[in-house]
Amino acid sequence: KMEVLQTYLRKGITEVDGWISRYSAHFIAELSASQIAAGITGAIGEIGVHQGCLFILMLLSKTPGEKAFAIDLFENDDFNIKLKSLRSVDILLKNLRKWAPDIPLADVGIIKSSSLDVTPDQIVNEYRHARLLSVDGAHDEKTVLHDLYLSDRVMTEGGIIIVDDYFNGIWPGVSCACARYFLDDTSRFRPFAISPSKVYLANRDYLAFYRTAVRPKEDRAYIWTESMFGYDVDIYKPPAGAVATLKRVIKRTPLKRIFET
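Here is what the cut-offs are and how they apply
- Residues numbered from 1 in each chain as written.
- Predicted model: local features only at pLDDT ≥ 70, side-chain atom pairs only at ≥ 80, totals over all residues.
- Heavy atoms only, no water.
- Helix = DSSP H or I, 4+ residues; strand = E, 2+ residues; numbered from the N terminus.
- Buried < 20%, exposed > 50% of the residue type's maximum accessible area, 1.4 Å probe, protein only.
- Contact = heavy atoms within 4.5 Å.
- Areas by Shrake-Rupley, 256 points an atom, 1.4 Å probe, with all protein chains shown as cover.
- pLDDT = per-residue confidence, 0-100.
- Phe/Tyr/Trp six-rings, centres within 6.5 Å; stacked < 30°, edge-to-face > 60°.
- Lys NZ or Arg CZ within 6 Å of the ring centre and 35° of its normal.
- Pairing = 2+ DSSP bridges.

As a further point, take the overall build of the protein chain. The helix and strand inventory of the protein chain stands at 10 helices and nine strands. Looking at the protein chain as a whole, 51% of its 261 residues qualify as buried. Once local pairs closer than 6 in sequence are excluded, the contacts in the protein chain between residues at least 24 apart make up 72%. For the protein chain, the exposed surface amounts to about 12,200 Å²; the carbon and sulfur share of it is 54%.

Rendered as structure tokens:
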């Protein structure tokens, strides 16, 4: 199984359309391995799956018996229809069969729906509490805030939430929603690390654990530690010369088309 994961990290993430840096892909795989080594179990999931670029990586990092869920509107997403973005359940399943052939499809739940219509009980009752969940759906403030609280309520105590595009200047709703979530004393998860395009959150009781678990293996890429909403956050950047190309789904789409009405 490790060979399949390494093959995907080396080749698959460059062939499955999506948005991820090579370094962040390795970083997420390392975090998942840290969870497994610590005996932290649970479902893996993603909100905003597209063709499965990150979801397949997470799927390949799970242990036998753990379930997975993918939440996306797929071809029913008006925004992606406007972009002429290729997104469908069939494409996702095709990529799963190619890159994760040994993962039983019975372990994978595809929820073709807006995340706004998904409840915590729906996820927990079907897939158990989650240990690793990527928030990468709609990037407006309302939806991201909903997705953060949805994630909060389905996560196991030692779980990790991965937030995409926090620092992306064309999606201010992501950072606004995160700020509202972090400033709510009743919310459970706080940031502990940053890698290209990703911010990682854990339960307050696990922040030190994950910072310690990942640092020795990623030390060459560690830049420094900054304070973020009162919490120490380790910042990682690929070493000079490392391949960290950010892939774009719409490689030749003019940026203005994103905002056409």
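So that's the structure; there's more coming.
To continue, consider the confidence of the model for the protein chain. The share of residues in the protein chain with pLDDT of 70 or more is 86%, and the mean pLDDT across the chain is 87. Across residues 242-261 the pLDDT falls below 50, and counting only partners more than four positions away or on other chains, this stretch makes 38 contacts in the model.

What follows concerns the packing of aromatic side chains. All chains considered together, the criterion is met by 15 aromatic pairs. Look at Tyr206 and Phe209: their rings are 6.3 Å apart centre to centre, the planes differ by 90°, and that puts the pair in the edge-to-face class. Taking relative accessible area as the criterion, Tyr206 reaches 25% and is therefore assigned partly exposed. Look at Phe209 and you get partly exposed, because its relative accessible area is 32%. The structure contains a cluster of three or more aromatic residues connected by ring pairs, namely Tyr23, Phe27, Phe192, Tyr200, Tyr206, Phe209, Tyr210, Tyr222 and Tyr236. The ring centre of Tyr222 lies 3.7 Å from the NZ or CZ of Arg215, which sits over that ring.

Summarising burial for strand β6 (residues 189-195): seven of the seven residues are buried, a large majority. Hairpin connection of β6 to strand β7 (residues 198-203): two residues between the antiparallel strands, including Ser197 at a positive phi of 70°. Here two bridges tie β6 to strand β9 (residues 231-236), and the two strands are oriented parallel to one another. Within β9, the residue paired with Ile194 across the bridge is Ile235.

Where strand β8 (residues 222-228) meets β9, six bridges bridge the pair, whose relative direction is antiparallel. Along β9, the bridge assignment pairs Tyr222 with Tyr236. What sits between the antiparallel neighbours β8 and β9 is a turn of two residues, in which Phe229 has the positive phi angle 55°.

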